Amino acid sequence: MAMFRSKKVLATLAFIIAFLLTSRLSLFTSNFLGLFTFSEPLFLLAALILGPKAGALVGGVGFAISNFLLGYPHYIIAALTVNSLTGFLIGKINQLKNLSHTLLGALSTFTLISTFTLVGTMIYSGEAYIGYTKDLFLGEEIMKLGGLYAYRLDVPSWLWVIAGALIGSISFLVSFKKSPKYLWASTALFIGCLTIILGYFLYETFLLSTIFQIKVDAVTNLIVNLGHSVISANISILLYWAIKWLKRSKPT
């Protein structure tokens, strides 16, 4: 038991370090409605694999430190509350195997994949940039002060349709070849996405202006949060299924 706990602690620390290393790498569109950091799928994956406590730690600590380093200290409270809660809920719900429902899992998977395709074609298509934050603590001024390396690329809308179809096909194979219970993780991620979207909307609407005297367009950011959370959820579910498959295929 002690060895299991120590391995879990080390795995949690590893996820936090990996989260911080990848938090400086992002994909964003020219209108900034599409903003995705490569660290978020790792956070969701940690919650699925390691459970609620580790998920809460990776989400809360990881996002809090990265927000501070990237120049968004006013989002530390949101990280410690919204992201911690999200990680806890995803980890806890994914552990409720006795409550897993095939139909609910299938519907959650379908919703995540459909939204992924819709968000990709409508928001993340066209002119986009892969960026790496080279200078810390700049926040919203990063573009003006040249603190970001960015590589321009054109993302065709059909790419998201193909990606969605591939994820859908993999989901069908996972359910058919392995077990429909594998789709239960999609339900946990779906609820996690809703927690992120609603949590940050409430934080930006009621608390951000009150505590920090900062006003943002919470409705626009709701679209941003919808996009990056759904994309992250689809990436993390694929990684989760791959890890589960590798564990089962290991010789005993």
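Preceding this paragraph is the structure being described.
Structural notes, computed from the coordinates. (Residues numbered from 1 in each chain as written. Predicted model: local features only at pLDDT ≥ 70, side-chain atom pairs only at ≥ 80, totals over all residues. Heavy atoms only, no water.)

**Quick notes on the packing of helix α2 (residues 40-50) against helix α7 (residues 184-212)**
Between α2 and α7, the least distance of the axes is 11 Å, while the angle of their chain directions is 130°. Judged on the interaxial angle alone, α7 and α2 are oblique. Classified by chirality, the crossing of α7 by α2 is right-handed. Of the residues in α7, those touching α2 at Glu40, Leu44 and Leu48 are Ala185, Ala188, Leu189 and Ile196. Split by residue class, the contact of α2 with α7 holds six nonpolar, no polar and one charged. (Axes fitted to C-alpha atoms, helices over the stretch in contact; angles between N-to-C directions. Helix = DSSP H or I, 4+ residues; strand = E, 2+ residues; numbered from the N terminus. Parallel < 35°, antiparallel > 145°, perpendicular 65-115°, else oblique. Left-handed = near helix turned anticlockwise from the far one by under 90°. Contact = heavy atoms within 4.5 Å. Nonpolar A, V, L, I, M, F, W, Y, C, P; charged D, E, K, R; others polar.)

**Observations regarding the sheet that holds strand β2 (residues 35-37)**
Pairing is antiparallel in the open sheet, where four strands are placed in the order β2-β1-β3-β4. A single partner strand is all that each edge strand has here, and the edge strands are β2 and β4 (148-155). Strand-to-strand twist across the sheet, computed as the mean angle between neighbouring axes with direction ignored, equals 20°. Bridging between strand β3 (residues 126-133) and β4 involves eight bridges; their strand directions are antiparallel. Across the sheet, Tyr132 pairs through a bridge with Tyr149, a residue of β4. (Pairing = 2+ DSSP bridges.)

**Some points on the packing of aromatic side chains**
Scanning all chains against the criterion turns up nine aromatic pairs. With a centroid separation of 6.2 Å and 35° between ring planes, the pair formed by Tyr75 and Tyr200 is classed as tilted. Of the two residues, Tyr75 sits in the loop between α3 (52-70) and α4 (76-95) while Tyr200 sits in helix α7, which places them 125 residues apart along the sequence. In terms of burial, Tyr75 and Tyr200 fall into one category: buried. Centre to centre, the rings of Phe116 and Trp160 are 5.4 Å apart; their planes meet at 65°, and the pair counts as edge-to-face. In this pair, Phe116 is assigned in helix α5 (residues 102-122) and Trp160 in helix α6 (residues 157-178), connecting sequence segments 44 residues apart. Assessed through its relative accessible area of 6%, Phe116 is described here as buried. Through pairs of rings, three or more aromatic residues link up here, namely Phe19, Phe43 and Phe63. (Phe/Tyr/Trp six-rings, centres within 6.5 Å; stacked < 30°, edge-to-face > 60°. Buried < 20%, exposed > 50% of the residue type's maximum accessible area, 1.4 Å probe, protein only.)

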